[in-house]
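# Close look at the chain arrangement
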Amino acid sequence: MENENKPAKPKKWKRVLKRIGIGLISLIAILYLYNWYWVNSGSNQWELERDEDGVQVYSLKVPGDNVVKYRSIIKGNYTLSQLAAPHLLDHNLETCKEWFENCVGCKIIQPWDSIRHYDISLWTLEFPSPFQPRELLINTSVTQDENKVVTIDVTSVPNAVEHNEGKIRVERMHNVWQFTPLGNGVVQCQLTQDISLGGFFPQFLMNMAGKDANFEFMQKELPKFLQKEKYKNASFPFIEEQ
């Protein structure tokens, strides 16, 4: 009797493995279809995600784009130069670490141009294995319009200098800061963020974390950052205060 039952065991395992295989294929197909559906979804409109403690966070999903853009807004008693100063002063490793804890390098590629009001810097960010380090080669430019609104445009210029081996140069980054005077010393500070780290990095993680990360930064980190004396007392000849 025992010998008669032995041949049945391999057949049983084959059936189990077959079912597992079918299940995995089905799961992959479902995930693929869901990702396709999600990428092609979106209202193409800014939608309010969070409104607490004087901070508003909006998101924008464009159909066909796998990157969710975020916009965050605060208001406070700041000078325009004070808000602009962190972007224009101290392009060094210490400041880079204050913006990004995982920053391991900061280098000036194009020094500040006092006529065209821009510079180019290279920031290097480290990530846990298996993700490779990222390089942010960014052009930071400053303008002010007739209404005294200051705009700081931070744009990736990935091919401005030769790529470094073993590091992924971020191709997509376009962050825009706008400082709008509202009168009586109050200024609205708005950040619009559009970034993808590229390479082998799950974009959905950034999409998921974006709402809370932007809120925490605008509600806690940025106000503390702006209270540094060197920023509070900053003054730039090309920025006219309200």
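The numbers attached to residues start from 1 for each chain and follow its sequence in the written order. Since the coordinates come from a predicted model, pLDDT governs what is reported: local features require at least 70, and pairs of side-chain atoms require 80 or more to be given and counted, while whole-chain, interface and lining totals use all residues. As a convention, hydrogens and water are excluded, and side-chain values are obtained from all of the structure's heavy atoms.

### A few points about the nonpolar core
We define a nonpolar core as any set of buried Ala, Val, Leu, Ile, Met, Phe, Trp, Tyr and Cys residues linked to one another through side-chain atoms lying within 4.5 Å. Exposure is judged per residue with a 1.4 Å probe applied to protein chains only, and the accessible area is read against the type maximum: over 50% gives exposed, under 20% gives buried, and values in between give partly exposed. Core analysis: the biggest nonpolar cluster contains 43 residues, and L136, I152, W177, F179, C189, M218 and L222 have the highest contact counts within it. Helix numbers and strand numbers start at the N terminus; a helix is a DSSP run of H or I with at least 4 residues, a strand a run of E with at least 2. Take this core: its biggest share by element is six residues, from helix α5 (residues 203–226). When checking whether two residues touch, look at their non-hydrogen atoms; a contact exists if any pair is within 4.5 Å. Not counting the four nearest positions on each side in its chain, F179 is found in contact with L80, L83, A84, H87, K148, V149, V150, I152, V187, Q188 and C189.

### Regarding α5
Between the first and last C-alpha of α5 there are merely 30 Å, a value that for 24 residues lags more than 12% behind the 34 Å anticipated at 1.5 Å per step. The seven residues ending at a residue and the seven starting there each receive a fitted axis; the angle between those axes is the bend at that residue. The largest bend along α5 measures about 50° and falls at G210. Listed in full, the buried residues belonging to α5 are Q203, N207, G210, N214, F215, F217, M218, L222, F225 and L226. In this analysis, the expected span of each helix is defined as 1.5 Å times one less than the number of residues it contains.

### Quick notes on helix α3 (residues 80–88)
Judged by how many residues are buried, α3 sits mostly within the fold: nine of nine residues are covered. Every buried residue of α3 is accounted for by L80, S81, Q82, L83, A84, A85, P86, H87 and L88. Immediately beyond the C-terminal end of α3, within one or two residues, lies D90, with a positive phi of roughly 55°.

### Some words on the state of the cysteines
By disulfide we mean two sulfur atoms from cysteines, separated by a distance within 2.5 Å. On inspection of all chains with the given rule, the structure shows one disulfide. A sulfur-sulfur distance of 1.9 Å marks the disulfide that ties C96 to C103. Across the S-S bond linking C96 and C103, the dihedral sits near 100°, which makes this disulfide right-handed. Each member of the pair, C96 as well as C103, carries the same accessibility label: buried. Here C106 stays free of any disulfide, with the sulfur of C96 as its closest cysteine sulfur at 5.0 Å.

### Focus: the environment of T124
With respect to the element layout, T124 can be found in strand β5 (residues 118–125). Assessed through its relative accessible area of 9%, T124 is described here as buried. A C-alpha to C-alpha distance of 9.8 Å links T124 and F100, two positions 24 residues apart in sequence. Setting aside its immediate chain neighbours within four residues, T124 contacts N102, C103, V104, G105, R134, E135 and K167.

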